[in-house]
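Secondary and tertiary structure notes
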Amino acid sequence: MARTGYRVGIGHDTHRLEPGDALRLGGVDIPHDRRAVGHSDADVLLHAITDAILGAAVLGDIGELFPDTDPINRGRDSIEMLSAAYERVRMAGYRVVNLDCIVFAQRPKVLPYRDRIQRRIAEVLRIDPDTVGLKGKTGEHVGPIGREEAISAQCVVLLEAVR
Ligand code: CDP
Ligand code: ZN
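In what follows, the accompanying structure is described. Bear in mind the structure is a predicted one, so any value in this text is a computation, not a measurement.

1. A closer look at the pattern of salt bridges
Enumeration over the complete set of coordinates arrives at 12 salt bridges. Salt-bridge contacts for D77 lead to R24; the nearest nitrogen and oxygen are separated by 3.6 Å. Residue D77 is located in the loop between helix 2 (62–65) and helix 3 (78–91), and its partner R24 is located in strand 2 (residues 22–25); the two are separated by 53 residues in the primary sequence. A residue is classified by how much of its surface remains accessible, and D77, at 29% relative accessible area, is partly exposed. Residue R24 is classed as partly exposed on the basis of its relative accessible area of 22%. Connected via shared salt-bridge partners are R24, D29, D41 and D77.

In structure tokens:
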């Protein structure tokens, strides 16, 4: 495929919630009375970001790179998966310009943790935290998000060709 200067990507993810004591979100542990269920650490935000950068570079998706049937991925730190996916994106000749993310959760509020999460993501992608957009949205107490049965995240990313 001919390489253009810019590539846009989108990522989405959902995890089931169950009683627990912390939520891993954007590589940060947030004390909470529910936890996300998944084969890895179930970090819904990092999974959406990983899919967005892979999608923008047309390098497949997170499930292809890190199959949940592979024992190596059990309980795996999603920071590692994002980092490995970004290495592939860099090898393909792209870097992240900016990203914008939404976390869909009735609780907890994302706002108090926003700066820490932005810094963590920026560190992995070697970008300025000012280029990491992050916001939370409730489910207005309806649907699986509103009933706190699930948490979702979406991400759009812009990549630019570096050579
Ligand atoms: O007011 P609106 O219906 O647009 O949004 P909301 O879902 O009621 O959330 C209100 C505000 O709470 C959001 O704009 C975020 O600033 C914050 N929020 C958050 O930080 N974390 C969440 N999980 C949900 C909402
Ligand atoms: Zn996931």
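2. Regarding the sheet that holds strand 5 (residues 94–104)
One open sheet accounts for five strands, arranged 4-1-7-5-6; its pairing is mixed. Here the strands that pair on one side only, and so sit at the sheet edges, are strand 4 (34–37) and strand 6 (132–137). Direction aside, the axes of adjacent strands within the sheet are offset by 25° on average. Here strand 5 pairs with strand 7 (residues 150–161) via 10 bridges, running antiparallel. Looking at strand 7, one finds that F104 is bridged to S152. Across the sheet, helix 3 is in contact with strand 5 and strand 7; its angle to strand 5 comes to roughly 145°. Packed on one face of the sheet, helix 4 (residues 114–125) meets strand 5 and strand 6 and runs near 140° to strand 6.

3. A short note on unusual backbone geometry
That bond from R107 to P108 is cis: its omega, -10°, falls within 30 degrees of zero. Structurally, P108 is set in the loop between strand 5 and helix 4. Notably, V58 is not glycine yet its phi reads approximately 50°, a positive angle. Here V58 shows up in the loop between helix 1 (44–56) and helix 2.

4. Things to note about the coordination of the zinc ion (ligand 2)
Within the first shell, the zinc ion (ligand 2) binds the protein through D13 (OD), H15 (NE2) and H47 (ND1), at distances of 1.9 to 2.0 Å. Between the donor residues of the zinc ion (ligand 2), the gaps in sequence give the motif D-x1-H-x31-H. Taken together, the residues D13 in strand 1 (residues 6–19) and H47 in helix 1 connect sequence positions 34 residues apart.

Thresholds applied
- Residues numbered from 1 in each chain as written.
- Chains lettered and ligands numbered in written order.
- Predicted model: local features only at pLDDT ≥ 70, side-chain atom pairs only at ≥ 80, totals over all residues.
- Heavy atoms only, no water.
- Salt bridge = Lys/Arg side-chain N within 4 Å of Asp/Glu carboxyl O.
- Helix = DSSP H or I, 4+ residues; strand = E, 2+ residues; numbered from the N terminus.
- Buried < 20%, exposed > 50% of the residue type's maximum accessible area, 1.4 Å probe, protein only.
- Pairing = 2+ DSSP bridges.
- Axes fitted to C-alpha atoms, helices over the stretch in contact; angles between N-to-C directions.
- Contact = heavy atoms within 4.5 Å.
- Donors = N, O, S within 2.8 Å, 3.2 Å for Na, K, Ca; no water.

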